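What follows is each chain in one-letter form.
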Amino acid sequence: MRRRWLRRRCRGVRGPAMSRLLRTGLNAGEAAPMAVVGGEGVYFHLSDGRRLIDGSNTGGGLGHRHPAMVEAIRRAADTPVVNEGWTWVGREQAADDLMATAFGGEEDWVGAVRFCISGSEANDMALSLCQALTQRSALATRERAYHGITGLSRSMTVQPQWHGGLAVHSGGSQLPAPMAPVRILPAPNGAIYGAPANNTPPSEYLADATRLLSDTAATIIDYTQGGIYYDGAYQDEVARRARQAGSYWIADEVVTGAGRAGRWFAFQGAESRPDIVTLGKSLGGGAAAVAAVVVSKDIVERLKGTSWQNYGTLRGHPISMAAVSAYLKVVSDDKILDHVQSLEKLFIRRLLAIAQKHPSVQRVAGQGLHWTVELHGPDWRTWHADTTEVPIASRVAERALEAGAVIGTSGEQTSLFLAPPLVISEHEATLLLDALDHGLDVADEEHG
Ligand SMILES: Cc1ncc(COP(=O)(O)O)c(C=O)c1O
């Protein structure tokens, strides 16, 4: 009965013309996204009865309806409504749990955390704090980065199709005004397949970075966006240059933090340690909207004698705090990081084989359980999503649905990414990779 009701209801909202919702989406084009009516483990349940593997969901670290998360949220629903201005024991507990579990071993430098609601908000808070501390306004990121779409994080998102403004379907864009001068560092190559041969050390291609960063308040780098992944040498060089220039270094670990990289944080793959780490997405196990700004001891010291006048009513809400504590416990108790590391090997092996089989694949890159498959086609720099035409990557994703998996594109034209729940089994991961393999046939047909 309930299923019939859901089916009727979802049929009603399927056509874009019928919907009262201002939609946005990962896969570009006009087609209304599939209607999800439920989920279990790594599967989405659709209104038409299909069960599809959730293959690109950076917010859903533990998949759907994880029993520990359901139980934590159920209990937290029975707590008072406490805004960020009041002390809440669960918030103190979540801060302690984050420090003891995820930042265990990082005690030398890590200082304190402020929780918030989204990755965009966390980055905006971190960037504006650095502007206040340095009294500089310019900010730096690396090529093809995405850091969010509100406040200063929007200005630091330099993928041409994501700007927070309007992509006009007949061509062109109407952009909101930038909020800060933006400096862009060169990105590294880091692909496991298809990267141009380049043994240039980062110290050479970042040789100009100290000058570029000299008037910046902060340098923010993330570890996945635009399909760009890198090794420790890149991070260490950026960190060194930022220090020389008096620019705070922010590690945007909104995607990679809390497990997806196969360790607690991607920055742990290098020597350098950030001034600020931003977290979000999976931090609440996908069960609550929660993010965080973690600052170093040095920054805590700098904040002495001041109050950071930055506040949000629903930040640190009892439900999201319960979700953080529960998520950290599951990742730790169930040895999820080891599981991600072992699946990383499967992804490398299968994606290399897939790339070699499909002539349409230009490049494969990734780490842990975040992987990008970039197709041959127009340069990403020219893509502004200012058309209703469905780009090639979105058509590959459509074809992969037939084979039982949901795959996203980050809104890019030629680039798909895989980021399944960290609890995905080897068998389910194989099904997801099979679906990608099937989807890529569309791209091969067009590639000729
Ligand atoms: C690296 C990175 N930083 C920040 C964000 C923004 O997070 P949110 O969408 O939760 O605002 C994203 C979102 O995709 C991201 O990939």
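Residues numbered from 1 in each chain as written. Predicted model: local features only at pLDDT ≥ 70, side-chain atom pairs only at ≥ 80, totals over all residues. Heavy atoms only, no water.

Caption draft 1: Structural view of the confidence of the model for the protein. Of the residues in the protein, 94% have a pLDDT of 70 or more, and the chain-wide mean is 93. Taken together, the stretch residues 1-16 has pLDDT below 50 and engages in 14 contacts with residues farther than four places along the chain or on a different chain. (pLDDT = per-residue confidence, 0-100. Contact = heavy atoms within 4.5 Å.)

Caption draft 2: Representation of the site of the ligand in the model. Surveying the vicinity of the ligand reveals 13 residues, the closest of which are Gly119, Ser120, Gln225, Asp252 and Lys281. Between glutamine 225 and the ligand, the recorded distance is 2.8 Å, taken from a side-chain N or O atom to an oxygen atom. Contact between the ligand and lysine 281: an oxygen atom at 2.7 Å from a side-chain N or O atom of the residue. Looking at which element gives the most residues to the shell around the ligand, the answer is helix H4 (residues 119-134), with three residues. Partitioning the shell around the ligand into residue classes produces three nonpolar, seven polar and three charged. (Near = heavy atom within 4 Å. Polar contact = N/O pair within 3.5 Å; in protein donor to acceptor, adjacent residues only side chain to side chain. Helix = DSSP H or I, 4+ residues; strand = E, 2+ residues; numbered from the N terminus. Nonpolar A, V, L, I, M, F, W, Y, C, P; charged D, E, K, R; others polar.)

Caption draft 3: Expanded view of H4. The terminal C-alpha atoms of H4, which comprises 16 residues, lie 23 Å apart, in line with the 22 Å expected from a rise of 1.5 Å per residue. Buried residues dominate H4, accounting for 12 of its 16 residues. One or two steps after H4, the chain reaches glutamine 135, where phi turns positive at roughly 60 degrees. (Expected span 1.5 Å × (residues − 1). Buried < 20%, exposed > 50% of the residue type's maximum accessible area, 1.4 Å probe, protein only.)

Caption draft 4: Focus on the packing of helix H12 (residues 392-402) against helix H13 (residues 426-447). Contact geometry for H12 and H13: axes closest at 7 Å, N-to-C directions at 135 degrees. The angle between the axes of H12 and H13 places the two elements in the oblique class. For the element pair H12 and H13, the recorded crossing hand is right-handed. Where H12 abuts H13, its residues Ile392, Arg395, Val396, Arg399, Ala400 and Glu402 lie against Ala435, His438, Gly439, Leu440, Asp441, Val442, Ala443, Glu445 and Glu446. Tallied by class, the residues present in the contact of H12 with H13 amount to seven nonpolar, two polar and six charged. (Axes fitted to C-alpha atoms, helices over the stretch in contact; angles between N-to-C directions. Parallel < 35°, antiparallel > 145°, perpendicular 65-115°, else oblique. Left-handed = near helix turned anticlockwise from the far one by under 90°.)

Caption draft 5: Here's a closer look at the layout of surface pockets. For the second largest pocket, the calculated volume is near 370 Å³. Around the second largest pocket sit 20 residues that line it, and Arg144, Asn189, Arg363, Glu374 and Trp380 are the ones nearest its centre. Those elements that provide at least two residues to the lining of the second largest pocket are strand S13 (361-367) and strand S14 (370-375). Of the residues contributing to the lining of the second largest pocket, the split by class is eight nonpolar, six polar and six charged. Each of domain 1 (2-65 + 336-447) and domain 2 (67-333) gives at least three residues to the lining of the second largest pocket. (1 Å grid on protein atoms, 1.4 Å probe; cavity = no way out; pocket = protein on both sides within 12 Å on 5 of 7 lines; lining within 4 Å. Points joined across faces, edges and corners; volume = space filled by probe spheres on them. Domains from an automatic or database assignment.)

Caption draft 6: How the structure looks around the packing of aromatic side chains. Scanning the entire structure with this criterion turns up nine aromatic pairs. When the ring of tryptophan 109 is compared with that of phenylalanine 267, the centres are 5.8 Å apart and the planes differ by 75 degrees; the resulting orientation is edge-to-face. Taken as a pair, tryptophan 109 in the loop between helix H3 (89-102) and strand S4 (110-116) and phenylalanine 267 in the loop between strand S10 (248-252) and strand S11 (276-279) lie far apart in primary sequence, 158 residues in all. Across the pair, phenylalanine 267 and tryptophan 109 agree in class, each one buried. Here the aromatic rings of tyrosine 205 and tyrosine 234 are separated by 6.3 Å at their centres, their planes lie at 25 degrees, and the arrangement is stacked. In this pair, tyrosine 205 sits in helix H6 (residues 202-205) while tyrosine 234 sits in helix H8 (residues 232-245), placing the two residues 29 residues apart along the sequence. Accessibility expressed as a relative area gives 25% for tyrosine 205, which makes it partly exposed. Judged by relative accessible area, tyrosine 234 falls into the buried class, the value being 0%. (Phe/Tyr/Trp six-rings, centres within 6.5 Å; stacked < 30°, edge-to-face > 60°.)

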